[in-house]
Each structure stands twice: as C-alpha cells, then as structure tokens.
Amino acid sequence: MDDCIFCQIGSGKIPAEVVYQDETVMAFKDIHPKAPVHVLVIPKKHIASAADITKADLPIAAHILEVANIVAEKEGIPGAYKLVINTGPSAGQVVMHLHMHLLGGKRITAVV
C-alpha cells in the first residue's frame, strides 16, 4: 500500500533504525519509545490488523513472534519483555498495518 507508513518503512522508502530484517519481517526502534527497549515488529506484507490475519498469513504471524524473541536477545532482554498488539482504532492502533510492540528494559506494568 503506497500510503502506509509501515509498508514504506518495510520497503526501505522511509528510513528507520532497523534491528532485524529478513524477507518477510522487519523490526525497528519506535520513534516514541515507552520503554528503554521499544521495537516494532512488522510483516513486510500489508496486513491491516490482527483481525485481518488469514489462514494463509499464519506462518507470518508465527514468524513475528519468533522475531520478537530474536530481537529481545539482541537487545539484551531475553525472557523479560512485554509484547503488545493493538487491533483497531478503539484499541489504540494508530497505524493500520499489523505491528507488535516489543517493550522491555524496565519493569512494565501499564498497557501501551
């Protein structure tokens, strides 16, 4: 999608501080971090939200979780992080492209 900021980041048209990337998933630092470690993990394929994941997308969804573990290890917070997926505007999703927040580096009690 040409007007989706995360699609543009995923394709390299908009720069980001990338911490992981492969053919299907990208992880980059959030520009408005809510924790010492705040990374967004996105599929490069445009999927609007978790509610839009199809059966065919399940391998991508599983890979997003796998990448979260890889990034947590790289960022020095293995086994001590929070994962958040907001689904829909009323649940706090601002960018309509599936993304998972990986938060850590401090005790986190609040919801993002």
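Just above, that's the structure.
About the thresholds
- In every chain, residue numbers begin from 1 and rise along the written sequence.
- Totals for whole chains, interfaces and linings use every residue, but because this is a predicted model, local features are given only for residues with pLDDT of at least 70 and side-chain atom pairs only at 80 or more, for both listing and counting.
- Heavy atoms throughout the structure, all of them, feed into the side-chain values; hydrogens and water do not.
- Secondary structure counts use DSSP, requiring at least four H or I residues in a row for a helix and at least two E residues in a row for a strand, with both numbered from the N terminus.
- Any residue under 20% of the maximum accessible area for its type is buried, any over 50% is exposed, and the rest in between are partly exposed; the area is computed with a 1.4 Å probe on protein chains only.
- In the analysis that follows, any N or O atom pair within 3.5 Å is treated as a polar contact, provided that within protein one partner can donate a hydrogen and the other can accept it, and provided that, for residues neighboring in sequence, both atoms belong to side chains.
- In what follows, residue pairs with any heavy atoms lying within 4.5 Å of each other are defined as contacts.
- Buriedness of a pocket was judged along seven lines, with at least five required to meet protein on both sides within 12 Å; pockets are open sets of points on a 1 Å grid over the protein atoms alone, cavities are sets where a 1.4 Å probe fits but cannot get out, and lining residues have an atom within 4 Å of a point.
- Grid points are joined across faces, edges and corners, and a volume is the space filled by probe spheres set on the points.
- When residue character is reported, Ala, Val, Leu, Ile, Met, Phe, Trp, Tyr, Cys and Pro are called nonpolar, Asp, Glu, Lys and Arg charged, and the others, Gly included, polar.

What follows concerns the side chain of histidine 38. In this structure, histidine 38 sits in strand β3 (residues 37-43). Note on histidine 38: relative accessible area 4%, which makes it buried. In terms of polar contacts, histidine 38 uses its side chain to reach the side chain of histidine 101, at 2.7 Å. Setting aside residues up to four positions removed in sequence, histidine 38 forms contacts with Phe28, Lys29, Asp30, His32, Pro33, His101, Leu102 and Leu103.

Another point: the side chain of histidine 63. Topologically, histidine 63 is positioned in helix α2 (residues 58-74). Its relative accessible area of 16% is what places histidine 63 among the buried residues. Side chain to side chain, histidine 63 and aspartate 22 meet in a polar contact 2.5 Å long. Non-local contacts of histidine 63, meaning those with residues more than four positions away in its chain, are made with Tyr20, Asp22, Thr24 and Val25.

It is worth spelling out the layout of surface pockets at this point. Empty space within the largest pocket amounts to approximately 510 Å³. Every residue lining the largest pocket is counted, 22 residues in all, and those nearest its centre are Phe6, Asp30, Ile31, His32 and Leu40. For the lining of the largest pocket, the elements supplying multiple residues, two or more each, are α1 (5-11), β2 (25-29) and β3. When residues of the lining of the largest pocket are assigned to their parent elements, the largest contribution, 3 residues, is made by α1. A breakdown of the residues in the lining of the largest pocket according to their chemical character gives 12 nonpolar, 6 polar and 4 charged.

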